[in-house]
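# Architecture at a glance
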Amino acid sequence: MNIGKELNYQWQVNVLGRSALRLNRILMARKAGKGQLGKSRLLTPPLNTSIWTKELIGQHYLRGRYANSHGKVAWVTSGAPIEFLKALDFYLLYPENHGALCGAARAAEGLSIEAEKAGYSRDICSYARTDIGAMLSGKTPVGRLPKPDLLLACTNICQTVLHWYRVLAHHFQVPLILIDTPFIYTEMTDHAVAFVKAQLEEAIIVAEKVAGKPLDPRRFKEVTRLSMLASELWLELLRRNRHRPAPISVFDQFTQMAPIVEMRGEASTVDLYAAMLKEVDQRIEQGIGVVPEERLRLLWDNLPVWYRLRYLAEFLGAHGAVIVASTYTNAWAELGPQMDPEHPMESMARTYMYPILNRGTGEKLATMRQMIQDYHLDGAILHSDRSCKPYSVGQMDQRDRLMRQDDLPALLLEADHNDPRSYSEEQVANRLTAFMEMLEAA
Amino acid sequence: MAKIEALGVDVGSTTVKMVAVNDHGEMVWHMLEEADPRAADQVSRFLAEAARRFGSLNGVPLVATGYGRKLVQQAARQVTEISCHAMGIYAELGHGGTLVDIGGQDSKAIRISDSGKVIDFAMNDKCAAGTGRFLENTAGRLRVPLQEMGQDALSSADEVPISSTCTVFAESEVISLIAQGIPVPAILKGLHRSLVKRVAAMISSVGLTAPLMLSGGVVKNPAIRAMLAEETGSAVTLPDHPQLMGAYGAALYALRIAE
Ligand code: SF4
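Structure report, in brief.

Calculation criteria
- The residue count restarts for each chain, going from 1 along the sequence in the order it is written.
- Written order decides the labels, with chains lettered from A and ligands numbered from 1.
- Per-residue local features of the predicted model are confined to residues with pLDDT of at least 70, and side-chain atom pairs are confined, for both listing and counting, to 80 or more; whole-chain, interface and lining totals are unaffected and use all residues.
- Excluding hydrogens and water, the side-chain values take into account all heavy atoms of the structure.
- Strands here are runs of E lasting at least two residues and helices are runs of H or I lasting at least four, both read from the DSSP assignment and numbered beginning at the N terminus.
- Radius of gyration here is computed from C-alpha atoms only, and the compact-globule reference equals 2.2 Å multiplied by the residue count raised to the power 0.38.
- The rule is simple: take the accessible area with a 1.4 Å probe, protein chains only, and divide by the maximum for that residue type; under 20% is buried, over 50% is exposed, in between is partly exposed.
- Any two residues having at least one pair of non-hydrogen atoms within 4.5 Å are treated as being in contact.
- The method behind every accessible area is Shrake-Rupley, applied with a 1.4 Å probe, and residues are considered shielded solely by the protein chains displayed.
- Working convention for charge: Lys and Arg count positive, Asp and Glu count negative, and His plus the chain ends are omitted.
- To locate a charge, take atom NZ for lysine, CZ for arginine, CG for aspartate or CD for glutamate.
- Paired strands are those between which DSSP finds at least two bridges.
- Two distance rules govern patches: like charges are joined within 9 Å, and nonpolar side chains (Val, Leu, Ile, Met, Phe, Trp, Tyr) within 5 Å, applied only to residues with over 30% relative accessible area and no salt bridge.
- Salt bridge, as applied in this entry: a Lys or Arg side-chain nitrogen positioned within 4 Å of an Asp or Glu carboxyl oxygen.
- In this description, a line fitted to the C-alpha atoms serves as the axis of each element, helices being fitted only across the stretch in contact, and the angle between N-to-C directions of two axes falls anywhere from 0 to 180 degrees.
- Here the buried area means the combined drop in accessible surface, using a 1.4 Å probe, for two parts upon being joined, counting both sides.
- Side-chain atoms alone can form a polar contact between residues adjacent in sequence; in general such a contact is a pair of N or O atoms within 3.5 Å, and within protein one must be able to donate a hydrogen while the other accepts it.
- Amino acids are sorted into nonpolar (Ala, Val, Leu, Ile, Met, Phe, Trp, Tyr, Cys and Pro), charged (Asp, Glu, Lys and Arg) and polar (every other residue, Gly among them).
- The cut-offs work like this: below 35 degrees is roughly parallel, past 145 is roughly antiparallel, 65 to 115 is roughly perpendicular, and the gaps in between are oblique.
- For any helix crossing, the convention is left-handed if the near helix is rotated counterclockwise from the far helix by under a right angle, and right-handed if that rotation is clockwise.
- Definition of nearness: a residue and a molecule or strand are near each other if at least one heavy atom of the residue lies within 4 Å of the molecule or strand.
- Between 30 and 60 degrees the pair is tilted, below 30 it is stacked and above 60 it is edge-to-face, where a pair is any two Phe, Tyr or Trp rings, Trp via its six-membered ring, whose centres lie within 6.5 Å.
- Definition used: whenever NZ (Lys) or CZ (Arg) falls within 6 Å of the ring centre and also within 35 degrees of the ring normal, the charge is taken to sit over that ring.

## So, the overall build of chain B
- The number of helices and strands found in chain B is eight helices and 10 strands.
- A compact globule built from 259 residues would reach a C-alpha radius of gyration of about 18 Å, and chain B, at 19 Å, matches this within 12%.
- Viewed in the frame of its principal axes, chain B has a C-alpha envelope of about 60 × 40 × 30 Å.
- The buried share of chain B, taken over its 259 residues, is 55%.
- Of the contacts formed within chain B by residues at least 6 apart in sequence, a portion of 66% connects residues at least 24 apart.
- In the form shown here, chain B has an accessible surface area of approximately 10,800 Å², with 50% of it arising from carbon and sulfur atoms.
- Side chains of chain B carry 23 positive and 27 negative charges; the gap between the two charge centres is 4 Å.

## Points about the pairing of strand β1 (residues 73-76) of chain A
All names here are of chain A.
- Judged by which residues are buried, β1 turns out to be covered on both faces: V73 and W75 on one side and A74 and V76 on the other are all buried.
- Of the pairings in the sheet, the one linking β1 to strand β2 (residues 91-93) comprises three bridges and is parallel in character. Within β2, the residue paired with W75 across the bridge is L93.
- Pairing between β1 and strand β3 (residues 150-154): three bridges, direction parallel. Residue pairing for β3: W75 is matched across the bridge by L151.

## Here we look at a nonpolar patch on the surface
- A cluster of nonpolar side chains, namely W11, V15 and L16 of chain A, defines an oily patch on the protein surface of about 280 Å² accessible area.
- Mapped onto the elements of the fold, V15 of chain A is located in helix α1 (residues 3-33).

## Structural notes on the sheet that holds β3 of chain A
Residues and elements named next belong to chain A.
- On the basis of which strands lie adjacent, the open sheet formed by four strands has the order β2-β1-β3-β4 and parallel pairing. If you trace the sheet from one side to the other, it starts and ends with β2 and β4 (176-179), each paired once. Neighbour-to-neighbour, the strand axes of this sheet turn through a mean angle of 25°, independent of strand direction.

## A few points about the pattern of salt bridges
- A full pass over the atoms with the stated rule returns 46 salt bridges over all chains.
- A salt bridge links E159 of chain B to R193 of chain B; the shortest N-O distance between them is 2.9 Å. Residue E159 of chain B is located in the loop between α4 (146-155) and α5 (167-179), and its partner R193 of chain B is located in helix α6 (residues 184-206); the two are separated by 34 residues in the primary sequence.
- Residue E159 of chain B is classed as partly exposed on the basis of its relative accessible area of 30%.
- One salt-bridge network, in which partners are shared between bridges, spans E116, R129, D419 and R421 of chain A.

## Thoughts on the interface of chain B and chain A
- The interface is formed by 22 residues belonging to chain B together with 19 residues belonging to chain A.
- A buried area of about 1,600 Å², summed over both sides, lies between chain B and chain A, and 45% of it is on carbon and sulfur atoms.
- Counting the surface chain B buries against chain A, the share from its top three residues, Y67, F121 and K126 of chain B, is 32%.
- At the boundary of chain B with chain A, the tally comes to two salt bridges.
- As a salt-bridge pair, K70 of chain B and E426 of chain A come within 3.6 Å of each other at their nearest N and O atoms.
- For the interface between chain B and chain A, the tally reads eight residue pairs in polar contact (both at pLDDT 80 or more).
- The set of elements that each furnish at least two residues to the side of chain B that touches chain A consists of α2 (81-93), β8 (118-124) and α6 of chain B.
- At six residues, the largest contribution of residues to the side of chain B that touches chain A is made by β8 of chain B.
- Grouping the constituent residues of the side of chain B that touches chain A by class yields eight nonpolar, six polar and eight charged.

## Some points on the side chain of H192 of chain B
All names here are of chain B.
- Checked against the element boundaries, H192 lands in helix α6.
- On the basis of relative accessible area, H192 is assigned to the buried category, the value being 0%.
- Among residues more than four places away in sequence, those in contact with H192 are L135, M149, G150, A153, N221, A223, I224 and M227.

## Some thoughts on the environment of R69 of chain B
- Along the chain, the position of R69 of chain B falls in the loop between β4 (62-65) and β5 (77-78).
- Taking relative accessible area as the criterion, R69 of chain B reaches 5% and is therefore assigned buried.
- A C-alpha to C-alpha distance of 7.1 Å links R69 of chain B and D10 of chain B, two positions 59 residues apart in sequence.
- Dropping the residues within four chain positions of it, R69 of chain B is found in contact with N430 and T433 of chain A together with V11, A64, Q78, V79, T80 and E81 of chain B.

## Some remarks on helix α4 (residues 95-104) of chain A
All names here are of chain A.
- Extensive coverage of α4 is indicated by the burial of eight of its 10 residues.
- Along α4, the residues that are buried comprise P95, E96, N97, H98, G99, A100, C102 and G103.
- One or two steps after α4, the chain reaches R106, where phi turns positive at roughly 60°.

## So, the environment of L71 of chain B
- Assignment of secondary structure puts L71 of chain B in the loop between β4 and β5.
- Given the relative accessible area of 45%, L71 of chain B is considered partly exposed.

## A word on the packing of helix α9 (residues 217-239) of chain A against helix α12 (residues 267-286) of chain A
Residue and element names in this part refer to chain A.
- Contact geometry of α9 with α12 gives a least axis separation of 9 Å together with a crossing angle of 20°. In terms of orientation, α9 and α12 fall into the roughly parallel class. Crossing handedness for the pair α9 and α12: left-handed. For the pair α9 and α12, the contacting residues are L226, L229, A230, L233, W234, E236 and L237 in the first and A267, T269, V270, Y273, A274, M276, L277 and V280 in the second.
- Of the residues in the contact of α9 with α12, the class split is 13 nonpolar, one polar and one charged.

## A few points about the site of the ligand
- Around the ligand lies a shell formed by E96, C125, Y127, I157, C158, T160, W164, L303, L357, C388 and H417 of chain A.
- Of the residues in the shell around the ligand, the class split is eight nonpolar, two polar and one charged.

## Description of the sheet that holds strand β8 (residues 410-415) of chain A
Residues and elements named next belong to chain A.
- Ordered in space as β6-β5-β7-β8, the four strands form an open sheet in which the pairing is parallel. Each having just a single partner strand, β6 (321-326) and β8 make up the two edges of the open sheet. Sheet twist, expressed as the average angle between the axes of neighbouring strands with direction ignored, equals 30°.
- Pairing of strand β5 (residues 296-301) with strand β7 (residues 379-385), which is carried by four bridges, proceeds in the parallel orientation. Bridged to D301 within β7 is L382.
- Where helix α16 (residues 361-375) meets the sheet, it contacts β5 and β6, and its direction lies at approximately 160° from that of β5.

## Quick look at the packing of aromatic side chains
Residues and elements named next belong to chain A.
- Under the definition given, this model contains 14 aromatic pairs over all chains.
- One aromatic cluster is present, formed by F251, F254, W300, W306, Y328, W332 and Y391 through successive ring pairs.
- Sitting above the plane of the Y66 ring, R144 keeps its charged end 5.5 Å from the centroid.
- A cation over an aromatic ring shows up here: R242 above the ring of Y375, its NZ or CZ 5.8 Å from the ring centre.

So, to be careful, I would describe these as geometric facts and stop short of saying anything about function.
Laid out in structure tokens, this is it:
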């Protein structure tokens, strides 16, 4: 270890950065105390714990900024089996989350254009374009991203990541671990579990080599336990929306979910969600909902439209409509029950084959149907995401079936998760207004 | 002179329509003009004309619909064209079914229940294919007047398929077909088919519940009516004023305010 570099890391991250973030938290908490947090007249103020989320994410990217001088770094896909990497003390960067952050900060379009200038097609996932653009230009709203020592891509979300990570491996000249998770059409077979487990065993050998130390089995179990706890708490949080009025809108979940994705396996994520659950329960007790008067309860399918979160929340809020459930935020809640800290290898194999995008489209329909029951839904908005094909495929049929077989009004809304050029506000507003009028008249 | 109780205006991208209704919700007056980019001025002119005919409009509520509805400051309320079209056609024809409205720059399909409620809808407003603009552009190339296009297309036994769905590319396809000496009516028939197929796809996305009801300026074209019936296998029904259904529905919404 280079002592000078390590001292600089400690100074920047644990002294300067941490104090700055803490000060920011105190100032925001003071604002919240005065009822000044959140400027919306249509929506109730955000959760106080959202200040904490912000601080955690700030710390995460701050650590990332200096991570190369402190230890090993791995770039991983959002649904990758990361527990062994965490146990080996890798700093984990999630390019998709970074992409979403760029989307919310309205930086994604410019970065996508950087990638397109280098020859990447506009038909490619806009997360991939955003991140490749950031990689090529060195620009990012978080200041600086650490270089990877290792890459881990898992095909449980899409095939895009397979090619995307090959680009990264070529660019950074670092090893790439690829975990191929067989698609589950109807059920998870034992030989598929064995196949993924075998890949994980090999992956651990590579990761140990890069980390320069062996995997400590006790730590591995502990990280798996923390992942499980966080996922279980997240599931509980989402379930609280069965109450009327719903205490936490899916638009808030979209921003509050960052830690369950990029900081799972950490104790602070578990603490955060435990506190958030407490606050949500207080809201339920006090009868505080997302909007002052909840009239319509809706479902959201697919990724968020990161650059228009607030606009959409307020647009719906003006009609007393709240998105109370979503297949997307649920994707990380579904993982907890699959995890078993006593058998981390087996459990990792099962858990990471289970994400919704790795199962047949009928499974997503079944999830939505269950949500109609559990969350007392009045309608569904299916975001047809221009550049996330695996999530959008099947939506036409799903919409059809929800309408015809379940009597649930459903709207297909065309947009893109990160590329505002594939989003037309005038038309989105027109469809949403017509949909609201239709639900209100029903 | 009839007394009017409420007004509706439909500010579309091609035309602007205003309808007045009496206390029974019957259409007693209407006005229609090409759309002026200064929508607010145009609506003021319409209102002045209504006032000239019916006297003061004090206490006569106005509801606006159509793409330019937000520009109508005089309106008591804005309602989308989906709700207004459903309201208008149901009042006029007295039954539910699937309504297709093909306008100059957009088209929509709406499934309406037996009680007149919107059950489902689909809109095409992102792309000129599937709207009147598609025919307008391509027929312009063939130098056929808009009013005669439909008849000409129906008169042809032959039909050449147009492979481009994009309006701009269809135009160049038409030019090359003319250069190959293909008779104009056969090209026209192909163009109508292309439009009708797009619309039929939209109909199937909301589901066809007979009867198929048509509205919008483009359905005055006989080839569109005939080919839509052929393509969907359903008889088509038209209101007396297919272009006014949005404005009529808006006036009926206004009547609710008046009451
Ligand atoms: S294509 Fe979809 S699943 Fe794949 S990385 Fe992009 S957003 Fe994620």
